[in-house]
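Summary of structural features
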Amino acid sequence: MDEVTGAQLIAESLKTQKVEYMFGIVGVPIIEVAMAAQAAGIKYVGMRNEQAACYAASAVGYITGRPGACLVVSGPGLIHALGGMANANMNCWPVLVIGGSSDRNQETAGAFQEFPQVEACRLYSKFTARPSSLEAIPSVIEKAVRTSIYGRPGAVYVDIAGDMVNAKVERDRVREVSCCPPPPVSLAPSAAAEEALSVLKAAKTPLVIIGKGAAYSRAEAVLTEFVEESGLPFLPTPMGKGVLPDDHPSCVAAARSRALLQADVVLLLGARLNWMLHFGLPPRFNPHVKIIQVVLCAEEMGNNVKARVALLGDVGAVVSQILTCVRRDGWKYPSKTGWWSELRKKVAANAKISKALALKGTLPMNYYTVFHHISQLLPRDCIIVSEGANTMDIGRTMLNNYLPRHRLDAGTFGTMGVGLGFAIAAAAVETTRIKPQRVVCVEGDSAFGFSGMEVETMCRAPPVSLLPEARYDEVMTAFGGRGFLVRTAEELREALQLCLTDWERPSLLNVLIDPSSDRKQQEFPWLTRSNL
């Protein structure tokens, strides 16, 4: 009789759905899921906080187009991950969160870490479910992955009752579920593409805005052709940077305010008219601006500003439709218009101001000086992760991106603390490539504080267990406190006695424990029921 456990079914189902990366923190009741995932060939990274783990898993979703998995324990573990789920949903990034929960026969009885997890996750995700049986696990995992990448991408949640993890079922009772195909590519009506070109041809001051939706849809090749053949100026949103290189002659990012204010027609590609684009309203936009909106989500059409032309579909596919019209018509926006002249003049003026700030020799250094020198040394193909207030905003203007999906920042939700999780995810993906690219994480000090302990995750090899001699004592010392590395009982007594009698500074005792040390054998191992 061939039997399979719930943990094995989860891992095998994830592998079938081409989920290749998992981030999380193990514990009761999901430790066996992490073990089974690694046995199935899924790359698992143990993190320091579930929120950072969820950030990492969502970044994998954005970079690869297939959701990363975030594995969390019940109750507090799931609650910590909610911030990452909300961020992914707002960013429109696919991520699959798998949470262990209380045993089914203990529900409503005050079980360990009992919490209404399925209900709580509905506010933060596109789809939530708990498999009703072991046999249902493959189907639920398939639907979760499919939902996370179809339509507007986002977060999904699958709840696993603790007693299902080690329970077994005969394999031939489990229905085989194949991998869900890539999302269908939808096109806009051909008449809408023709109308979009007609509006562009009538424009005196047109502008193309490239959002991260264009990066996610991998529209870079057709967008490059469209921009170069149409002759239109373009402005990238923060994570739209790199879809076309920032040093492209048609990029007017350095004249952002002028471009937005004076454009009479805006072709909006995979970007939303939310706070990041000032809602498309005055005083940042022309009150009479005509919006040509290319978007994947019908509900987003006409949000805040009614679209003059609305094209529902995949960004790359719809741009290809408009490009076909451009070629058939033989139209190109002239390069010697007053609009182009004004934009180039503003780009040059702003670049001159930034350069003057960068060359100031004052100490401490200003942001422009720092970023000027960093930019001169960064590899052209590196992935830049950036967060903070001035750190992120000024860094966006000074640190160029030349390749798509090579900038990760606080995003639509403006979330601080995402940086280290994003960097770990990007590095995990890059290590599998033939020519891995460097990942550079540029953090403001406040932003770094949210997830700073994930630097320990970065330093680990293998990435599944904590560093045996992590120097937490040096962390305390670095901030002006007092740190002690304790290996022996004598060192423990001496350091503790000193700390208890001298109250001048906070102290940290970093006591090294034998990794094989465990609690005494339990007669009723209710929380240590792992069969490992």
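Just above sits the structure.
Below is a summary of the structure that appears in this document. Everything numeric in this text was worked out from a predicted model, so none of it was measured. (Residues numbered from 1 in each chain as written. Predicted model: local features only at pLDDT ≥ 70, side-chain atom pairs only at ≥ 80, totals over all residues. Heavy atoms only, no water.)

Some details on the packing of helix 14 (residues 367-377) against helix 15 (residues 390-398)
Heads up, the condition is: Structural elements are reduced to axes, namely lines fitted to C-alpha atoms, with helices fitted over the stretch in contact, and the angle between N-to-C directions of any two is expressed from 0 to 180 degrees. What counts as a helix is a DSSP run of H or I of at least four residues, what counts as a strand is a run of E of at least two, and both are numbered from the N terminus. Here is the rule for angles: anything less than 35 degrees is roughly parallel, anything more than 145 is roughly antiparallel, 65 through 115 is roughly perpendicular, and the remaining ranges are oblique. Throughout, a crossing is termed right-handed when the near helix is turned clockwise from the far one, and left-handed when it is turned anticlockwise from it by less than a right angle. In what follows, a contact means two residues having at least one pair of non-hydrogen atoms within 4.5 Å.
At a closest axis distance of 10 Å, the pairing of helix 14 and helix 15 adopts a crossing angle of 50°. The orientation of helix 14 relative to helix 15 falls into the category oblique. As for the relative orientation of helix 14 and helix 15, their crossing is right-handed in sense. Packed against helix 14, whose contacting residues are Tyr 367, Tyr 368, Phe 371, His 372 and Ser 375, the element helix 15 presents Asn 390, Thr 391, Ile 394, Gly 395 and Met 398 at the interface.

Structural notes on the state of the cysteines
As used in these notes, a disulfide is a covalent bond between sulfur atoms, one from each of two cysteines. Just so we agree on the cut-off: Counting rule for disulfides: a pair of cysteine sulfur atoms within 2.5 Å. Remark: exposure states derive from per-residue accessible area (1.4 Å probe, protein chains only) relative to the maximum for the residue type, with buried under 20%, exposed over 50%, and partly exposed in between.
Evaluation of the coordinates by the stated rule reveals zero disulfides. Unpaired in this structure, Cys 251 has its nearest cysteine sulfur neighbour in Cys 382, at a distance of 17 Å. The exposure class of Cys 251 is buried, given its relative accessible area of 12%. For the unlinked cysteine Cys 459, the closest cysteine sulfur is that of Cys 441, found at 13 Å.

Remarks on the packing of helix 3 (residues 50-64) against helix 16 (residues 419-430)
What counts, and what does not: When residues are grouped by polarity, Ala, Val, Leu, Ile, Met, Phe, Trp, Tyr, Cys and Pro land in nonpolar, Asp, Glu, Lys and Arg in charged, and all others, Gly among them, in polar.
At a minimum axis distance of 7 Å, the contact between helix 3 and helix 16 shows a crossing angle of 45°. The angle between helix 3 and helix 16 places the two elements in the oblique class. In terms of crossing hand, the pair formed by helix 3 and helix 16 is right-handed. Residues Ala 52, Tyr 55, Ala 56, Ser 58, Ala 59, Val 60, Ile 63 and Thr 64 of helix 3 touch helix 16, and the partners they reach there are Gly 421, Phe 422, Ala 425, Ala 426 and Val 429. Each residue belonging to the contact of helix 3 with helix 16 can be placed in one class, and the counts come to 10 nonpolar, three polar and no charged.

Quick look at the pairing of strand 4 (residues 68-72)
Basically, it comes down to this: By this definition, two strands are paired if DSSP reports at least two bridges between them. With its strands directed away from the observer, a crossover is right-handed exactly when the path from the first strand over the helix to the second travels clockwise.
Within strand 4, five of the five residues are buried, which leaves it mostly tucked inside the rest of the structure. The alternating pattern of strand 4 places Gly 68, Cys 70 and Val 72 and Ala 69 and Leu 71 on opposite faces, both of which are buried. Direction of pairing for strand 2 (residues 21-24) relative to strand 4: parallel, over a ladder of three bridges. Paired with Gly 24 across the two strands is Leu 71, which belongs to strand 4. Relative to strand 5 (residues 95-101), strand 4 is paired through five bridges, and the arrangement is parallel. Note that in strand 5 the partner of Gly 68 across the bridge is Val 95. Considered for its hand, the β-α-β crossover made up of strand 4, helix 4 (residues 76-91) and strand 5 is right-handed.

Concerning the sheet that holds strand 9 (residues 206-210)
The strand order across the open sheet built from five strands is 10-9-11-12-13, with neighbouring strands paired in parallel fashion. The sheet is open, and its two edges are formed by strand 10 (234-236) and strand 13 (309-312), each paired on a single side. Pairs of neighbouring strands in the sheet enclose a mean axial angle of 15°, with direction left out of account. Where strand 11 (residues 265-269) and strand 12 (residues 290-295) come together, five bridges link them in parallel fashion. Bridge assignment links Val 265 to a residue of strand 12, and that residue is Lys 290. Lying on the sheet, helix 12 (residues 315-329) is in contact with strand 11, strand 12 and strand 13; it crosses strand 11 at an angle near 140°.

Some details on the nonpolar core
How we decide: We define the nonpolar core as a collection of buried residues of types Ala, Val, Leu, Ile, Met, Phe, Trp, Tyr and Cys that are connected through side-chain atoms lying within 4.5 Å of one another.
Grouped together as the largest cluster of nonpolar side chains are 137 residues, with contacts concentrated most on Phe 23, Phe 226 and Leu 311. With 10 residues, helix 3 is the single largest residue contributor to this core. Of all hydrophobic cores here, the second largest spans eight residues; its members include Phe 371, Cys 382, Ile 384 and Ile 394.

A closer look at the sheet that holds strand 2
The parallel open sheet is built from six strands, whose spatial order is 3-2-4-5-7-6. Edge strands, defined here as strands with exactly one partner in the open sheet, are strand 3 (43-46) and strand 6 (127-129). On average, each strand axis in the sheet is inclined to that of its neighbour by 20°, with strand direction left out of account. The pairing of strand 6 with strand 7 (residues 155-161) spans three bridges and is classified as parallel. Its bridge partner lying in strand 7, Phe 127 is registered against Val 156. With respect to the sheet, helix 3 is in contact with strand 2, strand 4 and strand 5, its orientation differing from that of strand 4 by roughly 165°. Sheet strands touched by helix 16: strand 2 and strand 3. Its angle to strand 2, the strand with the most contacts, is close to 150°.

Some words on the pattern of salt bridges
What counts, and what does not: Each reported salt bridge corresponds to a side-chain nitrogen of Lys or Arg within 4 Å of a carboxyl oxygen of Asp or Glu.
If you walk through the whole model with that rule in mind, you get 27 salt bridges. Linking Asp 393 and Arg 396 is a salt bridge whose minimum nitrogen-to-oxygen distance equals 3.6 Å. With Asp 393 and Arg 396 both in helix 15, this residue pair falls three residues apart, about one helical turn. Since its relative accessible area comes to 36%, Asp 393 is described here as partly exposed. Across the salt bridge formed by Glu 469 and Arg 487, the nearest N and O atoms sit 3.1 Å from each other. On the criterion of sequence distance, the pair formed by Glu 469 in the loop between helix 18 (454-459) and helix 19 (472-478) and Arg 487 in the loop between strand 17 (482-486) and helix 20 (489-501) is long-range, its members being 18 residues apart. What makes Glu 469 partly exposed here is its relative accessible area of 43%. Residue classification places Arg 487 among the partly exposed positions, given a relative accessible area of 48%. Three or more residues are tied together by salt bridges with common partners; here these are Asp 2, Glu 12 and Arg 171.

As for the environment of Ser 190
Structurally, the position occupied by Ser 190 is in helix 8 (residues 190-202). Through-space distance from the C-alpha of Ser 190 to that of Ser 148 is 28 Å; in sequence the pair is 42 residues apart.

Thoughts on the environment of Ala 39
Relative to the helices and strands, Ala 39 resides in helix 2 (residues 31-39). Sequence separation between Ala 39 and Glu 342 is 303 residues, and the spatial gap between their C-alpha atoms is 60 Å.

Observations regarding the side chain of Asn 286
Relative to the helices and strands, Asn 286 is located in the loop between strand 11 and strand 12. Asn 286 gets classed as buried once you look at its relative accessible area, which sits at 18%. Setting aside residues up to four positions removed in sequence, Asn 286 forms contacts with Leu 260, Leu 261, Ala 263 and Asp 264.

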